[in-house]
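Each chain, letter by letter, is given below.
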Amino acid sequence: MKVLQVIESAYRATIEEQDDTVVWITHAMKGAGGDFTVLLRGNATNYAVLGQDASGIVFGDWKQSEPPRIDKDISALIGKGVDVYLVEEDAVERGLGNTQLVDGVKRVRRAGLPKLVAQHDQVWHW
Amino acid sequence: MAEQKTLTFALMDAPFEQSRTTTAFRLMHIAAKRGYKINVFAYEGAVGLPFNLQKPHANAVHGRSLEQENHPLPKDWVAALMRETERNGGKLDWVNCGLCVEERGAADAIAGVRRGSPGDFLKFAQESTNTLVIATK
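If you're wondering where the values come from, they're calculated on a predicted model, not measured in any experiment.

Chemist: Can you explain the interface of chain A and chain B? Please cite residues and give values.
Modeler: The interface of chain A with chain B comprises 13 residues on the first partner and 14 residues on the second. Those elements that place two or more of their residues in the side of chain A that touches chain B are α2 (21-31) and β7 (122-125) of chain A. Among the elements that take part in the side of chain A that touches chain B, α2(A) stands out by supplying 4 residues, more than any other. Across the side of chain A that touches chain B, the residue classes tally to 7 nonpolar, 5 polar and 1 charged.

If you want it as structure tokens, here you go:
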């Protein structure tokens, strides 16, 4: 069973979780033997931007020592053999058209989505 | 006899926050009536749905006592769906994401809920007729 993980909700509780929860669960299920592709769309296209820095959160004497490193988590997914796509038009609409992306992220135009979907047994939209 | 269908749901929202969870329960209710086997993987805030310490309350604004108000509790919905599935020859297997439970101190769940991992969700999906993800937006 090949699953297309469509990630659209972005930066939801990423400080508290120290990651994106859907990227995380994809890592976990890949480790459990699953076969996944990730499609970043909408605001989640920003997950593919290289060099994100969410460090520096301080509340009183509490400091976050391990901030989320979502670009690295995306890179690690690719390293595990997960294809990661980004919807080109969504990225361009957010000013990310010429931004340097995580190495290995593939761009797909909206017109190409039906073909991508058809390559999977199930589509899980998060 | 038709083959028994199995549906898997991944829920993610915490209780009392939005209407997606109610919609999910409506869908599960129909599946339960049809005798389907239902799997639920409760991820993140959804582990609070079967939390055993939920309590109903009276509502002075509504002008109703505790009994009159009959305040809905998601843990009761989960229990009711478990009973409904069993009445119709199905089964509701509810797995709470263990790490999510620990983050929230929500280990005290109603009977029939078990602790698991994303691996359980993957297994559910692989063994199901179909899977529906109802994520937090």
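Picking up where we left off.
Chemist: I'd like a description of the sheet that holds strand β1 (residues 6-11) of chain B, backed by residues and values.
Modeler: Residue and element names in this part refer to chain B. Taken in spatial order, the 5 strands of this open sheet run β4-β3-β2-β1-β5, and their pairing is parallel. Two strands lie at the open edges of the sheet, namely β4 (113-116) and β5 (130-134), each paired on one side alone. Neighbouring strand axes in the sheet, compared pairwise and without regard to direction, differ in orientation by 20 degrees on average. In the packing of helix α3 (residues 74-87) onto the sheet, contacts are made with β2 (37-42) and β3 (91-97), and the angle to β3 comes to roughly 145 degrees. Set on the sheet, helix α5 (residues 118-126) makes contact with β1, β2, β3, β4 and β5; between it and β2 the angle comes to about 155 degrees.

Chemist: Pulling in residues and values, what's your account of the packing of α2(A) against α5(B)?
Modeler: Pairs of packed helices are described in terms of their axes, by the angle between the two and the distance that separates them. One way to put it is that α2(A) packs onto α5(B) with a least axis distance of 8 Å and a crossing angle of 70 degrees. It follows that α2(A) is roughly perpendicular to α5(B) by the angle criterion. Contact residues: A:I25, A:A28 and A:M29 in α2(A); B:P118, B:G119, B:F121 and B:L122 in α5(B). Looking at the contact of α2(A) with α5(B), its residues break down into 6 nonpolar, 1 polar and no charged.

Chemist: Pulling in residues and values, what's your account of the confidence of the model for chain B?
Modeler: When pLDDT is averaged across chain B, the result is 95; 99% of the residues are at 70 or more. Scored as a whole, the predicted complex attains pTM 0.89, and scored at its interfaces, ipTM 0.82.

Chemist: Any details on the pairing of β3(B)? Residues and values, ideally.
Modeler: Residue and element names in this part refer to chain B. For β3, a buried count of 6 out of 7 residues is recorded, marking the element as mostly surrounded by other parts of the structure. In this structure, β3 lies alongside β4, joined through 4 bridges in parallel fashion. The partner of C97 across the bridge, within β4, is G116. Taken together, β3, helix α4 (residues 98-104) and β4 constitute a β-α-β crossover, and its handedness is right-handed.

Chemist: Give a detailed account of unusual backbone geometry, specifying residues and quantitative values.
Modeler: One non-glycine residue with positive phi stands out, namely A:A13, at about 60 degrees. By the secondary structure assignment, A:A13 is in the loop between β1 (2-7) and α1 (14-17). When the 15 C-beta atoms within 10 Å are taken as the criterion, A:A13 is described as partly exposed. The phi torsion at B:E44 lies on the positive side, around 50 degrees, for a residue other than glycine. Relative to the helices and strands, B:E44 is located in the loop between β2 and α2 (66-69). For B:E44, a count of 23 C-beta atoms within 10 Å translates into the label buried.

Chemist: I'd love a proper account of the nonpolar core, names of residues and values included.
Modeler: If you look at the biggest cluster of nonpolar residues, it comprises 66 residues, and the most contacted ones within it are A:L40, B:L11, B:A42 and B:Y43. If sequence neighbours within four positions are ignored, B:A42 has contacts with B:L11, B:V47, B:L49, B:W94, B:V95, B:N96 and B:C97.

Chemist: Go over α5(B), please, and point to the residues and values.
Modeler: With 7 of 9 residues buried, α5(B) is to be regarded as a mostly interior element. Buried residues of α5(B): B:P118, B:D120, B:F121, B:L122, B:K123, B:F124 and B:A125, and no others.

Chemist: Describe the environment of B:V40, listing the residues and the values that go with them.
Modeler: All names here are of chain B. Note on placement: V40 falls in strand β2. Residue V40 is classed as buried on the basis of its C-beta count, with 26 C-beta atoms lying within 10 Å. When the C-alpha atoms of V40 and L132 are compared, they prove to be 9.7 Å apart, with 92 residues separating the residues in sequence. Discounting chain neighbours no more than four positions away, the residues touching V40 are F9, L11, L92, W94 and V95.

Chemist: Give me the lowdown on α3(B), citing residues and values where you can.
Modeler: All names here are of chain B. Taking 1.5 Å per residue, 14 residues should reach 20 Å; α3 reaches 20 Å between its end C-alpha atoms and fits that length. Within the span of α3, buried status applies to P74, V78, L81, M82 and T85. The buried residues of α3 all sit within an arc of 105 degrees when viewed along its axis, so they share a single face. Positive phi shows up at G89, right after α3, with a value of about 85 degrees.

How each quantity is defined
Residues numbered from 1 in each chain as written. Chains lettered and ligands numbered in written order. Predicted model: local features only at pLDDT ≥ 70, side-chain atom pairs only at ≥ 80, totals over all residues. Contact = placed C-beta atoms within 7 Å. Helix = DSSP H or I, 4+ residues; strand = E, 2+ residues; numbered from the N terminus. Nonpolar A, V, L, I, M, F, W, Y, C, P; charged D, E, K, R; others polar. Pairing = 2+ DSSP bridges. Axes fitted to C-alpha atoms, helices over the stretch in contact; angles between N-to-C directions. Parallel < 35°, antiparallel > 145°, perpendicular 65-115°, else oblique. pLDDT = per-residue confidence, 0-100. Buried ≥ 20, exposed ≤ 12 C-beta atoms within 10 Å, placed from the backbone. Right-handed = clockwise from strand over helix to strand, strands pointing away. Core = buried A, V, L, I, M, F, W, Y, C linked by C-beta atoms within 7 Å. Expected span 1.5 Å × (residues − 1). Arc of directions from axis to C-beta.

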